[in-house]
Amino acid sequence: MSPLNSLFKNARLALTDAQTALDNFAESAVDLTVPTVRLGVTGLARSGKTVFISALVHNLIAGGRLPLLDAAGTGRLARAYLQPQPDDDVPRFNYEQHVETLTKERLWPDSTHQISQLRLTIEYESATFLSRQLGGGKLHLDIVDYPGEWLLDLVLLRQDFRQFSKEALKRAKARPDLSAEFLSTLARHQDKLHEEFSEDVARDLANTFTTYLSRCRDDENALSMLPPGRFLMPGDMKGTPALTFAPLDLGSTQVKPKAGTLLAIMERRYEAYRKHVVRPFFKNHFAKLDRQIVLVDALTAINAGPAALDDLSQALTEIMGAFRPGKSSWLSSILSRKINRILFAATKADHLRREDHEHLEKLLQQLVQQAINRAEFSGASVETLALASVRSTRQATVHHDGVETPALLGTPMPAETIGDIQFDGEEEAAIFPGDLPEDLSDLFAEEQDRTEAEDQTALKYVRFRPPKLERTAEGLTLSLPHIRLDRAMEFLLGDKLA
Amino acid sequence: MTNKKTQHKPQTRRAPKAFKLDDSSVRLEGEFAQEPLSSEAVVSEEDESALALPQNNIAPEPKPAVSRWSKIIAIGGGGLLSLAIGLAVDSLIRDLFARYDWLGWTAVGLTVLAFLGLIGLFIKEWRSLSRLEQIDHIRDDLQTAADNDSDKEARAALQKLMALYADRPETAHGRTLLIGHTQEIIDGRDLVKLAERDLLAPLDARARLIVMESAKRVSVITALSPRALVDILIVLYENLRIVRRVSRLYGARPGTLGFWRLARDVAAHLAVTGGMAAGDSLVEQFIGQGLAAKLSARLGEGLVNGFLTARIGVAAIQTCRPAPFIATKGPSLSELMSEITKSAPDEVADQD
């Protein structure tokens, strides 16, 4: 082999390498030019974030019925597919498993334990001449899912330990039936406040506090305002010092605690929690959002009564307060991208009769009025609607003893009860959940003067199982049915797919 | 909204209830088994829309007192005229009988024939008029449904709209889509928009084409024609043709009377919107086309005539279309005109 020959070969190899590199570069450059939308799916625990994301992705991928999403309705949507997400250090949203749970097992996905992310790429044909020539007809949609409990930490960003303790104890005292154990533990350890720190006492306090919080969250109470969020959904932080603290009864003393005392350590841990847990979460996942949907589950709160509804309203106001634009908000400094569309959606609308959707929407508007005003003031467009990401019921009328009753037809979850009837989770039933009152203040105020007769007519929303999906003759599964999911998508993404 | 709802809401709130489906005392109406899940099992819907009054903040206008005298004159005059005709026919037949019997019988036969034809004509005209009225009703219903965002009203109006196009095979696809939509839970306003997009969009495109064609022909012929009289006749002919074609396209079958009613409506529409058109697009158009007009007076005249024809076309579309323009703005004059001036060479190329 002559030296010339080998030189030639080397040169060719180098050229191939260069070409590969160039190709890669070109590919990533093309990828960079594809516009990206980061959709923030916000909502308290059990408001249906995971189901919403799964249904949205499934309907886009499977080509579901989305007549009101203009791109889909006019047939401009070519296809949608999942792609590797941009952030490598965040778990992937387990879309396949959630859809499997929904469609095969007909169960709702478990509550989310950790943050996860998903990138969906939508290929479409633009409706305008100019963007058909310029744009690639592609859109990346990045969606983040996280435990709703964590959202409550947003409130803590503005509170120091003293304020946090005061607020938390005030709430605990207002719910004596739930917090008795925690309060008595707290009273027992009251005199150790300025003594030397002991891990046992701290753990004792933290454990009883956690028990109290999780009891508040149970269905029959359905309270929402339960910070700190990681106590309920610790993720991988369970047992760390940052999660082993509790609010303390500080009275009105202003003395600075001596180093090493219980009080001092608790305060330090609270600050550590804020610094190492809360801030990074919001910094990494709430910055950079373009669009936001806030999911609100009003029905569970209505089920539990006025206290829960009041609590929900308070929690929403506090949370949305953290999104306040302007200098005073710490968050606004990192929210460099501007959220220009916010959708407030009352989820689980399929648990209501169609006539009541309007009332549900009104109730939602009442709950988030302040947040809406604020968002509109800062120039974002806001919409509210009643939504069901997955529709599990059908509307029907029942004739019984000569009386016609409007009803919902579906399979109630096992162990759900209404009146004397208990459901086994297998058979279908027609359910009339009660009339949503015309005057919504009824819902908030009726606690004190509720008579026995009125107690009978209290609303009761039974939870239904996900629907049984029909298959076509070819064995194709139809996409998940929904209510107004397409309208929500049109509001959130429509202009990006124009 | 509120007063509307309270009218048909029960005064007392009903208690929640559950019915197990295997319970023999419970009877569900409808056939759920045959319906796909995404569809609605709506059963024996109460006709709430009949009870729900539209929200009115504007006082109704008092109806003018109907003048009886003109009616009496009309009845009297009409009666006399009929009698005169009857008398003439009668005496004619008598005269014919006096000459030959067979001539008389032939006249009787012809009279009966003419009478039958007259009845047939009346029925046809009446039907075409009622169809026009039906289209107007559907349009009003859809408009109110969209304004109130009421899905009950929208569904009822869409049923009528689909019935209107039931015998038009080219709308089959749109109708199937629309039936699918009505079975989902979709708000009233959105339903109307969907109807516009899925059912009416192809018709709208065709209507635009009709108007464009006529406007183009008018502008070309008036630019070329040697005599003003020819211009006038062509313009008249094309304008009447637009109205007839557009109305047929949107499902009306105008007879003579219906056609004149339509023409009147179109003229009325023009009168109403005329001021507006003159305000913006007219001035704009003529400034824009000023150069062409300066180049040649005939060409300018042709453009003006084409423009006027397009204007009538737009009015005809808005009068004949069984739905208001909500999702889209509808054809606009400037858009039509720019297309006419732009696509003239293309048209020639296409025909080659």
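Quick notes on the rules
Residues numbered from 1 in each chain as written. Chains lettered and ligands numbered in written order. Predicted model: local features only at pLDDT ≥ 70, side-chain atom pairs only at ≥ 80, totals over all residues. Helix = DSSP H or I, 4+ residues; strand = E, 2+ residues; numbered from the N terminus. Contact = placed C-beta atoms within 7 Å. UniProt positions renumbered as here; feature names shortened; annotations may be inferred. Core = buried A, V, L, I, M, F, W, Y, C linked by C-beta atoms within 7 Å. Buried ≥ 20, exposed ≤ 12 C-beta atoms within 10 Å, placed from the backbone. Pairing = 2+ DSSP bridges. Axes fitted to C-alpha atoms, helices over the stretch in contact; angles between N-to-C directions. Bend = angle between axes of the 7 residues up to and from the residue.

### Considering the overall build of chain B
Part 1 of the reasoning: Counting its regular elements, chain B contains twelve helices and two strands.
Part 2 of the reasoning: Going from the N terminus to the C terminus, chain B shows its helices and strands as α-β-β-α-α-α-α-α-α-α-α-α-α-α.
Part 3 of the reasoning: Taking the contacts inside chain B whose residues are at least 6 apart along the sequence as the reference set, 73% of them involve residues at least 24 apart.

### With respect to the UniProt feature "transmembrane region" (unreviewed entry) in chain B
Part 1 of the reasoning: According to UniProt, the positions carrying the feature "transmembrane region" (unreviewed entry) are residues 72-90 and 102-123 of chain B.
Part 2 of the reasoning: Counted over residues 72-90 of chain B, helix gives 100% and strand 0%. Its end C-alpha atoms are 26 Å apart.

### What about the nonpolar core?
Part 1 of the reasoning: Core analysis: the biggest nonpolar cluster contains 175 residues, and V296 and A298 of chain A together with A195 of chain B have the highest contact counts within it.
Part 2 of the reasoning: Sort the elements by how many residues they give to this core and helix 7 (residues 188-224) of chain B lands first, with twelve residues.
Part 3 of the reasoning: Beyond its immediate sequence surroundings of up to four residues, A195 of chain B is in contact with L158, L161, L178, L200 and A323 of chain B.

### Here's the deal with the sheet that holds strand 5 (residues 291-296) of chain A
For sheets, the rule is that strands pair by backbone hydrogen bonds, running either parallel or antiparallel.
Residue and element names in this part refer to chain A.
Part 1 of the reasoning: The sheet built from seven strands is open, its strands ordered 2-3-4-1-5-6-7 with mixed pairing. Edge positions in the sheet fall to strand 2 (77-83) and strand 7 (381-386), since each of these pairs with one other strand and no more. Ignoring strand direction, the axes of neighbouring strands in this sheet form an average angle of 20°.
Part 2 of the reasoning: As paired strands, strand 6 (residues 341-346) and strand 7 are joined by six bridges and run parallel to one another. By the bridge assignment, R341 is partnered in strand 7 with S381.
Part 3 of the reasoning: Where helix 15 (residues 357-367) meets the sheet, its contacts fall on strand 5, strand 6 and strand 7, and the angle it forms with strand 7 comes to roughly 135°.

### Considerations on helix 8 (residues 176-188) of chain A
All names here are of chain A.
Part 1 of the reasoning: Most pronounced at F182, the bend in helix 8 amounts to some 35°.
Part 2 of the reasoning: The set of residues buried in helix 8 consists of S179, F182 and L186.
Part 3 of the reasoning: The inward-facing, buried residues of helix 8 abut helix 7 (161-174) and helix 9 (199-217).

### Concerning the pairing of strand 1 (residues 36-43) of chain A
Residue and element names in this part refer to chain A.
Part 1 of the reasoning: Of all eight residues in strand 1, six are buried, a share of seventy percent or more.
Part 2 of the reasoning: Relative to strand 4 (residues 138-145), strand 1 runs parallel, the two being bridged by five bridges. In the sheet register, R38 faces strand 4, and the bridge partner there is D142.
Part 3 of the reasoning: Across five bridges, strand 1 lies against strand 5 in parallel orientation. The partner of T42 across the bridge, within strand 5, is V294.

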